Amino acid sequence: MPTAATTDFRRSATHGLIERVVATTPIVDVHTHLYDPLMGKLLLWGIDDLLVYHYLVAEAFRHLDVPPEKFFALSKTEQANLVWRELFVAQSPVSEACRGVLTILHRFGLDAKVRDLPAIRAWFQEWPLEAHLHRTLELAHVARIYMTNSPFDDAERAIWQHGFLRDERFVSALRIDPLLLSWPDTAHRLIEWGYSVGEGLSAQTLGEVRRFLADWTRRLDARYCMVSLPPDFTYPAATDTAQLLEQAVLPHCRDFGQPLALMLGVRRGVNPRLQLAGDGVGRSDLGALVNLCDAFPDNRFAVTVLSRENQHELCVAARKFRNLHVFGCWWFTNVPSLVEEITRMRLELLGLSFTAQHSDARVLEQIIYKFDHTRRVLVRVLAEKYGDLAVTGWEPTEAEIRRDAVSLLGGAFERFCQG
Ligand code: FIX
Ligand code: ZN
């Protein structure tokens with residue numbers, strides 16, 4: 001019989017091992033809003049962009065006594081000054097998004113506690129992008145970044161049409177929200193771009209939508225197709241969204257052997273005056289997702305849900321359908337208390353067949369904090385789970401822990417994409 005002391009010793013040795021393995025496992029970041037550095041100004045980085053991140057802007061408006069229109073008319077540096085003043089100087093920066101900025105500064109070796117924003121700004125300005133990118137990826141331990149690429153974004157479209165030499169660390173996902181959510185307005189854009197579509201969803205129009213999706217999948221070398229849907233999305237339904245999904249998007253995904261990624265539960269523009277910071281959340285009807293997984297066994301669905309209330313149902317759905325892969329703790333759920341709850345629940349219900357986290361970073365350096373914070377939680381939860389196994393006498397080897405961490409941190413997602 002092992003004594004309490006030997007059990008404690010083993011537990012802390014395993015904890016140290018898990019910590020080391022999780023810290024050194026390269027991450028595949030499966031959903032971001034970052035761009036290939038050769039896409040120029042689209043790749044945001046630096047302290048001002050970090051401070052005007054919409055997560056922080058939403059929090060600053062809890063305190064700022066300025067009309068949003070006035071705030072957004074200011075220069076980026078002026079906006080960043082206001083956010084810094086309200087959230088870092090006027091009070092302690094305890095929220096997850098504020099803590100994120102401090103984690104980034106700390107990992108770069110900057111001393112934020114002197115509260116000298118101009119000095120921090122000057123430090124960032126000295127870095128050439130390529131060196132800074134390299135260092136950031138290294139600190140975050142991120143090996144590959146999935147972009148969100150939308151042909152409906154004018155700035156992006158022009159760059160893709162022109163073409164450029166791709167940075168192989170950045171891979172593409174084709175984003176199609178306007179196609180599914182703003183038909184028939186989107187029909188007019190497709191016509192402008194040379195596709196023979198009409199407002200009604202005739203066979204000819206659906207064929208042309210598929211041609212559009214195929215053209216862009218090839219142009220981007222996209223690995224999956226993605227859409228975010230509001231909480232009232234239903235399937236089956238006699239809506240343009242459901243028809244386009246069923247008769248154009250899903251056949252397209254089957255043709256290319258790619259999953260459709262669904263981000264469910266966002267209510268856009270709850271407070272439109274706050275721009276990107278004005279989106280909210282609602283509980284989705286996951287019956288619609290179950291119907292899709294059931295009706296289309298030859299399609300694969302990678303899914304994240306925004307509402308905490310949907311998380312358990314999502315796990316249960318994934319237990320029923322192997323064509324459903326659960327990923328990430330998205331946006332309002334990416335706070336340590338919920339990441340811990342959700343990750344524990346997923347491990348308990350799905351084992352290792354899910355993706356623990358994506359960064360959703362909009363500003364390069366955010367990958368550092370998003371994954372540092374996730375890793376801390378993951379180590380705690382994995383230590384607990386392996387500890388529960390140890391009670392039965394089952395002890396994982398280092399190689400097994402590494403295999404599990406690789407799966408959770410992007411490996412399982414890429415396997416799922418490949419089918
Ligand atoms: O739909 C999405 O991809 C969301 O992640 C964004 O719309 C959102 O603004 C965001 O950045 C959340 O993290
Ligand atoms: Zn996103």
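Visitor: Requested: an account of the overall build of the protein chain, with residues and values cited.
Guide: Of regular secondary structure, the protein chain possesses 18 helices and 9 strands. Relative to its length of 419 residues, the protein chain is compact, with a C-alpha radius of gyration of 22 Å against a globular reference of 22 Å. A principal-axis box enclosing the C-alpha atoms of the protein chain has dimensions of 75 × 55 × 40 Å. Out of the 419 residues in the protein chain, the part that is buried amounts to 54%. The long-range share in the protein chain, meaning contacts at least 24 apart out of those at least 6 apart in sequence, stands at 77%.

Visitor: I'd love a proper account of the site of ligand 1, names of residues and values included.
Guide: Around ligand 1 sit His 31, His 33, His 54, Tyr 55, Arg 175, Ser 228, Met 263, Arg 268, Trp 330, Trp 331, Asp 360 and Arg 362, and those are all the residues in its vicinity. One of the side-chain nitrogen or oxygen atoms of Trp 330 is found 3.0 Å away from an oxygen atom of ligand 1. Contact between ligand 1 and Asp 360: an oxygen atom at 2.8 Å from a side-chain N or O atom of the residue. Bound to the protein, ligand 1 loses 98% of the 330 Å² it would expose on its own. Here the residues of the shell around ligand 1 sort into 4 nonpolar, 4 polar and 4 charged.

Visitor: Outline the environment of Asp 167, listing residues and values.
Guide: Tracing the backbone through its elements, the reader meets Asp 167 in the loop between helix H9 (154-162) and strand E3 (170-175). By relative accessible area, Asp 167 is classed as buried at 13%. The spatial distance from the C-alpha of Asp 167 to the C-alpha of Ala 122 is 28 Å, given a sequence separation of 45 residues. Ignoring any residue separated from it by four or fewer positions in sequence, one finds Asp 167 in contact with Asp 36, Pro 37 and Leu 133. Here Arg 169 takes part through its side chain, which lies 2.7 Å from a polar atom of the side chain of Asp 167.

Visitor: For the coordination of the zinc ion (ligand 2), give the residues involved together with the corresponding values.
Guide: Ligation of the zinc ion (ligand 2) by protein atoms is provided by His 31 (NE2), His 33 (NE2) and Asp 360 (OD), these donors lying 2.0 to 2.1 Å from the ion. The sequence pattern describing where the donors of the zinc ion (ligand 2) fall on their chain is H-x1-H-x326-D. Here the residue His 33 occupies a position in the loop between strand E1 (27-29) and helix H2 (47-51), and Asp 360 occupies one in the loop between helix H16 (336-350) and helix H17 (366-391), the gap between them amounting to 327 residues. Judged by relative accessible area, His 33 falls into the buried class, the value being 16%.

Visitor: Summarise the sheet that holds E3; cite the residues concerned and give the values.
Guide: Across the sheet, 7 strands lie side by side as E1-E2-E3-E4-E5-E8-E9; this open sheet has parallel pairing. A strand with exactly one partner marks an edge of an open sheet, and here the two such strands are E1 and strand E9 (324-326). Put simply, the sheet's adjacent strands are angled 25° from each other on average, direction ignored. Here 3 bridges tie E1 to strand E2 (residues 142-146), and the two strands are oriented parallel to one another. Looking across to E2, one finds that Val 28 is bridged to Arg 144. Here helix H12 (residues 203-220) sits on the sheet in contact with E3 and strand E4 (222-229), set at roughly 170° to E3.

Visitor: Can you tell me about the pairing of E2, naming the residues and giving the values?
Guide: As a general feature of sheets, a regular strand has side chains that alternate between the two faces. Relative to E3, E2 is paired through 2 bridges, and the arrangement is parallel. Bridge pairing in E3 places Tyr 146 opposite Val 171.

Visitor: Tell me about the packing of aromatic side chains, and name the residues and values.
Guide: If you walk through the whole model with that rule in mind, you get 21 aromatic pairs. Residues Tyr 53 and Tyr 55 carry aromatic rings whose centres are separated by 4.2 Å and whose planes lie at 20° to one another, so their mutual orientation is stacked. According to the relative accessible area criterion, Tyr 53 is buried, its value standing at 4%. Connected via pairs of aromatic rings, a cluster forms that spans Phe 108, Trp 123, Phe 124 and Trp 127. Above the plane of the ring of Trp 216 lies Arg 219, whose end atom (NZ or CZ) is 4.5 Å from the centre. The ring of Phe 416 carries the charged tip of Arg 300 above its face, separated from the ring centre by 5.9 Å.

Visitor: I'd like a description of the packing of H9 against H12, backed by residues and values.
Guide: One way to put it is that H9 packs onto H12 with a least axis distance of 10 Å and a crossing angle of 70°. By the angle class used here, H9 and H12 are roughly perpendicular. Of H12, the residues touching H9 (which contributes Arg 157, Trp 160 and Gln 161) are Trp 216, Arg 219 and Leu 220. Broken down by class, the residue content of the contact of H9 with H12 amounts to 3 nonpolar, 1 polar and 2 charged.

Visitor: Go over the side chain of Asp 49 with me, naming the residues and quoting the values.
Guide: Among the structural elements, Asp 49 can be located in helix H2. For Asp 49, a relative accessible area of 10% translates into the label buried. Within the structure, Asp 49 has its side chain in polar contact with the side chain of Lys 76 (distance 2.8 Å).

Each value, and the rule that gives it
- Residues numbered from 1 in each chain as written.
- Chains lettered and ligands numbered in written order.
- Predicted model: local features only at pLDDT ≥ 70, side-chain atom pairs only at ≥ 80, totals over all residues.
- Heavy atoms only, no water.
- Helix = DSSP H or I, 4+ residues; strand = E, 2+ residues; numbered from the N terminus.
- Rg over C-alpha atoms; globule rule 2.2 N^0.38 Å.
- Buried < 20%, exposed > 50% of the residue type's maximum accessible area, 1.4 Å probe, protein only.
- Contact = heavy atoms within 4.5 Å.
- Near = heavy atom within 4 Å.
- Polar contact = N/O pair within 3.5 Å; in protein donor to acceptor, adjacent residues only side chain to side chain.
- Areas by Shrake-Rupley, 256 points an atom, 1.4 Å probe, with all protein chains shown as cover.
- Nonpolar A, V, L, I, M, F, W, Y, C, P; charged D, E, K, R; others polar.
- Donors = N, O, S within 2.8 Å, 3.2 Å for Na, K, Ca; no water.
- Pairing = 2+ DSSP bridges.
- Axes fitted to C-alpha atoms, helices over the stretch in contact; angles between N-to-C directions.
- Phe/Tyr/Trp six-rings, centres within 6.5 Å; stacked < 30°, edge-to-face > 60°.
- Lys NZ or Arg CZ within 6 Å of the ring centre and 35° of its normal.
- Parallel < 35°, antiparallel > 145°, perpendicular 65-115°, else oblique.

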